[in-house]
Amino acid sequence: MAQHEHVRVAVIGSGFGGLGAAVRLRREGITDFVVLERAGSVGGTWRDNSYPGCACDVPSHLYSFSFAPNPDWPRTFSGQEHIRAYLEHVTDVFGLRPHLRLNAEVTRMTWDTGQLRWDIETAAGTFSADVVVSATGPLSDPKIPGIPGLDSFPGKVFHSARWDHDYDLRGKRVAMVGTGASAIQIVPAVQPEVAHLTLFQRTPPWVMPRMDRAIGVAERGLHRALPFTARARRGFLWGIRELQVQAFTKHPDELGLVEKLALRNMHRAVKDPALRARLTPDYRIGCKRILLSSTYYPALTRQNVDVVASGLAEVRGSTVVAADGSTAEVDAIIFGTGFHVTDMPIAERVVGAGGHTLAESWKGGMQALRGASAAGFPNWMTIIGPNTGLGNSSMILMIESQLNYMADYLRQLTVLGGRAALDARPGAVAAWNHKVQERMKRTVWNTGGCTSWYLDAEGRNTTVWPGTTTEFRRATQRVDLAEYDVIRPPLPDGAGPAHGTRSGAEVGA
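Residues numbered from 1 in each chain as written. Predicted model: local features only at pLDDT ≥ 70, side-chain atom pairs only at ≥ 80, totals over all residues. Heavy atoms only, no water.

1. Focus on the packing of helix α5 (residues 217-225) against helix α6 (residues 227-249)
Following both chains from N to C, one finds α5 and α6 inclined at 105°, their axes separated by 4 Å at the closest point. Accordingly, the angle class assigned to the pair α5 and α6 is roughly perpendicular. Between α5, through E219, L222, H223, R224 and A225, and α6, the contact on the second element is made entirely by P227, T229, A230 and R233. (Axes fitted to C-alpha atoms, helices over the stretch in contact; angles between N-to-C directions. Helix = DSSP H or I, 4+ residues; strand = E, 2+ residues; numbered from the N terminus. Parallel < 35°, antiparallel > 145°, perpendicular 65-115°, else oblique. Contact = heavy atoms within 4.5 Å.)

2. Details of the packing of aromatic side chains
This model, assessed by the stated rule, comprises 18 aromatic pairs. Every member of this aromatic cluster is reached through a ring pair, and the members are F16, W46, Y63, F65, F67, W73, Y86 and F94. Positioned above the aromatic ring of W465 is the side chain of R439, whose terminal nitrogen or guanidinium carbon lies 5.7 Å from the ring centre. (Phe/Tyr/Trp six-rings, centres within 6.5 Å; stacked < 30°, edge-to-face > 60°. Lys NZ or Arg CZ within 6 Å of the ring centre and 35° of its normal.)

3. Some words on helix α1 (residues 16-27)
Here α1 spans 16 Å end to end across 12 residues, near enough to the 16 Å set by a 1.5 Å rise per residue. Taken across its 12 residues, α1 has 10 buried, putting it largely inside the fold. Three or more residues of α1 are buried, namely F16, G17, G18, L19, G20, A21, A22, V23, R24 and L25. (Expected span 1.5 Å × (residues − 1). Buried < 20%, exposed > 50% of the residue type's maximum accessible area, 1.4 Å probe, protein only.)

4. Brief notes about a nonpolar patch on the surface
Together, L222, L226 and F228 make up an exposed nonpolar region whose accessible area comes to about 270 Å². Take L222: it is sitting in helix α5. Given the relative accessible area of 39%, L222 is considered partly exposed. (Patch = residues over 30% accessible without salt bridge, like charges linked within 9 Å, V, L, I, M, F, W, Y side chains within 5 Å. Areas by Shrake-Rupley, 256 points an atom, 1.4 Å probe, with all protein chains shown as cover. Salt bridge = Lys/Arg side-chain N within 4 Å of Asp/Glu carboxyl O.)

5. Description of the state of the cysteines
Under the defined criterion, the tally for this structure stands at 1 disulfide. In this model C287 forms its disulfide with C450; the gap between the sulfur atoms is 2.0 Å. In this structure, the disulfide formed by C287 and C450 twists by about -95° around the S-S bond and is classed as left-handed. Here C287, found in the loop between α8 (273-279) and β11 (291-292), pairs with C450, found in the loop between α13 (444-447) and α14 (469-475); they are 163 residues apart in sequence, far enough to count as distant. C56 forms no disulfide, and the closest cysteine sulfur to it belongs to C54, at a distance of 8.8 Å. Here C56 falls in the buried class, since its relative accessible area comes to 4%. (Disulfide = S-S within 2.5 Å.)

6. Structural notes on the pattern of salt bridges
Taken as a whole and assessed by the stated rule, the structure comprises 29 salt bridges. A salt bridge links D456 to R460; the nearest nitrogen and oxygen atoms lie 3.3 Å apart. Under the relative-accessibility criterion, R460 is labelled partly exposed at 31%. Here the salt bridges do not stand alone but share partners, grouping R24, E28, D408 and R411 into one network.

7. Observations regarding the sheet that holds strand β8 (residues 173-177)
Pairing is parallel across the open sheet formed by 5 strands, whose spatial order is β7-β16-β8-β9-β12. A single partner strand is all that each edge strand has here, and the edge strands are β7 (156-159) and β12 (305-308). When strand polarity is set aside, the average angle formed by the axes of neighbouring strands in this sheet is 15°. Two strands pair when backbone bridges link them, and strand β9 (residues 196-200) and β12 are joined in this way by 4 bridges, in the parallel orientation. Residue L197 lies in a different strand from β12, and its bridge partner there is V305. (Pairing = 2+ DSSP bridges.)

8. Digging into the nonpolar core
The nonpolar side chains of soluble globular proteins are, as a tendency, buried together. Counting residues in each nonpolar core, the largest one holds 105 residues, and the members touching the most others are F16 and L300. Here this core gets 11 residues from one element, more than from any other, and that element is helix α11 (residues 395-416). Within the second largest apolar cluster, 28 residues are counted, among which are V34, A104, F377 and I487. (Core = buried A, V, L, I, M, F, W, Y, C linked by side-chain atoms within 4.5 Å.)

9. Points about unusual backbone geometry
The bulk of non-glycine residues show a negative phi, and the bulk of peptide bonds are trans. Its identity is not glycine, yet L116 carries a phi of approximately 55°, on the positive side. Mapped onto the elements of the fold, L116 is located in the loop between β4 (106-112) and β5 (117-122). The backbone phi angle of I384 is positive, close to 55°, even though this residue is not glycine. The topology assignment puts I384 in the loop between β18 (380-382) and α11.

As structure tokens, this is what we get:
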């Protein structure tokens, strides 16, 4: 077991959020930090998701850090291997390797009210930190539904985010469960080599063409020689998506034209009326994530593919049974059923000032001040927290905004001097959440007539940001101390209150 290590900041996770936080800490002059990573390498979701066909559905030049432009993206929409290589490059260029603690999965984080610090238990030893930045991300823990009989299935079972590369799919009868962003990439990638593919589709997605192409040598050379051209390209991609936001957040009826384009895309590839009927969504486009693929629909028309317009309900030996009663004999079951987004497992491991976990605090729905701070969890921040997701643009834009907030949070602690902690006031958290949820009522995600992974078990949208990335950047530019209690160590001889001395009155919602 490694020795105990105390640091100024502990970052949890080494995906885009964690590595971005690490770079920002160094740029702020803070070098006393560690990045705790449960796996043996960096990359987050782009390390874990290595399934056939895995790629990003956001253009490469927008899906990268503004402070680390990459002129050498090989395609307009880059594949998993290129994005993972980019993150390894960022790790090296910004000197992050000495800060990494790999194979150090966090099992418990507990706030020490006397010392004003976080005590962190990991698989690689114990740590303590003045501040914790949790960047585990919402797409990190796969979700496999509880299917009766699945445990007794004699074949191979795995999730898309835990792809078994040792298992050869060639000539196998395969069940693909789910029709989300991963599934529409997997299906066309494996269809040519499997004996038969049965797709279990609980809800058909809206699919638009994927306008992907190789970026030529001359184009990449231009971006290297004249960096402003890459910045202009990024700015154009960003601007187009900013203009699209109002249709998602304020005027969902304007998306009707986009629906027509999506239907035309399907009709070009699918000639069978019965298959078209099964693939046609009955909800407003944008309510669930709009998927991009130019190969998904053609793959579904092949002779060795069956589309079952129903979810997987039961497994009987080698027989998979759909909710509509149809059956198929299969050798392997692949789940593309998403992740624990609104019930992130890390929340079970974070114990705050009152002795309760973050999961208990979020029992009525996730909420955090400006997507970062939860009441009762001092000096704890999250990257890609509640209501910071996007439905049409790059999450890197949101991450960088949260990094601005993190940097100012640490500056405020420095200005306060001595031992101090900031705890988001319950009234401020409630006021922020109320404003977000009021704006959410008009959005396509709440009014589009679908059930999506954006919604929690109670039907609340605790995932998506109901505005532009510009609005979010303004909202997270600075920390407003009026929204926080400043906590000092307890008074001597046990005279202080249980969780430190607080300054400032409660702010109502």
